Amino acid sequence: MRIREIKKEAWIALKNKWGLAVLLTILLGIFTFVIPDLFSAYASGGLSNYYLGDTYEGDITSLIVGLILYPAVIGYNWVFLSLIRREPQGVKSMFRPFAVIGTYLKLVGTTILIWLFTALWTVLLIVPGIIKGLAYSQTYYVLKDNPDLPILHAITESRRLMDGYKWKFFLLQLSFIGWIILATLTLGLGFLWLTPYMTASSAEFYNEIRQSKADDGLNQ
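The shown structure was predicted, so the numbers you read here are calculated from the model rather than taken from an experiment.

## Considering the overall build of the protein chain
Alright, step 1. Along the protein chain, the regular secondary structure elements total 12 helices and zero strands.
Alright, step 2. Scanning the protein chain from its N terminus toward the C terminus, one meets helices and strands in the order α-α-α-α-α-α-α-α-α-α-α-α.
Alright, step 3. Taken over C-alpha atoms, the radius of gyration comes to 18 Å for the protein chain, in line with the 17 Å a tight globule of 220 residues would show.
Alright, step 4. Across the 220 residues of the protein chain, 40% fall into the buried class.
Alright, step 5. In the protein chain, the proportion of contacts linking residues at least 24 apart, taken out of those at least 6 apart, comes to 71%.

What follows is the structure, given as structure tokens:
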């Protein structure tokens, strides 16, 4: 499993899907930046206080709203996993995690636990925190494929899948550093195309390690 091949497969999957990918990325930005900022500005007493000051109310509000809306991020990742698998997708697919209250609450709970576990490891040392973050990185994909799996079991499954692949996943993300710099130089507009490419590559990575682990199980 080479990084170049993973990215190539992701690029192929995005062929003729760039319009949808860019639109979803715009919606992602609204849900992850615009809406939390608006709520935070209101809690801070206005935009000037929020952006020029350091308000406790604004920071807490941003965190809470971000958590409430985080399933949109998960839905965004799920869409690209489906695109990798050549499954038909549309804009409404991104909001699938909000459709069933049980699924929504489960994803919020999963997010809280992952944040908590990663933070606790980071408090000990930064490097272990990064390693654990990589280990937990496939949890939401696992839940897409196994929606009935308990949260802790999904996290454990992510750790199992990433056993022996954490460094590879880190290198995959690092391989985009040049593109990230270029996207930044475009005042952020480049991220409308880069974010789908990176997300599709991560989804392809999950597909690859999932198949690899399945093959290892059959060969044992």
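Back to the write-up after that little detour.
## Describing helix H2 (residues 18-44)
Alright, step 1. With 27 residues, H2 ought to run about 39 Å at 1.5 Å a step, and its terminal C-alpha atoms sit 37 Å apart, in line with that.
Alright, step 2. The largest bend in H2 is about 35°, located at Ile 30.
Alright, step 3. Among all positions in H2, only Leu 20, Ala 21, Val 22, Leu 24, Thr 25, Leu 27, Leu 28, Phe 31, Pro 36, Ser 40, Ala 41 and Ser 44 are buried.

## Topic: the packing of helix H6 (residues 101-124) against helix H9 (residues 151-162)
Alright, step 1. Their axes nearest at 10 Å, the elements H6 and H9 cross at an angle of 55°. Comparing their axes, H9 and H6 come out oblique. Note that H6 runs across H9; the crossing there is right-handed. Contacts from Lys 106, Gly 109, Thr 110, Leu 113, Ile 114 and Phe 117 of H6 reach H9 at Ile 151, Leu 152 and Ile 155.
Alright, step 2. Taken together, the residues that form the contact of H6 with H9 break down as six nonpolar, two polar and one charged.

The rules we used
- Residues numbered from 1 in each chain as written.
- Predicted model: local features only at pLDDT ≥ 70, side-chain atom pairs only at ≥ 80, totals over all residues.
- Heavy atoms only, no water.
- Helix = DSSP H or I, 4+ residues; strand = E, 2+ residues; numbered from the N terminus.
- Rg over C-alpha atoms; globule rule 2.2 N^0.38 Å.
- Buried < 20%, exposed > 50% of the residue type's maximum accessible area, 1.4 Å probe, protein only.
- Contact = heavy atoms within 4.5 Å.
- Expected span 1.5 Å × (residues − 1).
- Bend = angle between axes of the 7 residues up to and from the residue.
- Axes fitted to C-alpha atoms, helices over the stretch in contact; angles between N-to-C directions.
- Parallel < 35°, antiparallel > 145°, perpendicular 65-115°, else oblique.
- Left-handed = near helix turned anticlockwise from the far one by under 90°.
- Nonpolar A, V, L, I, M, F, W, Y, C, P; charged D, E, K, R; others polar.

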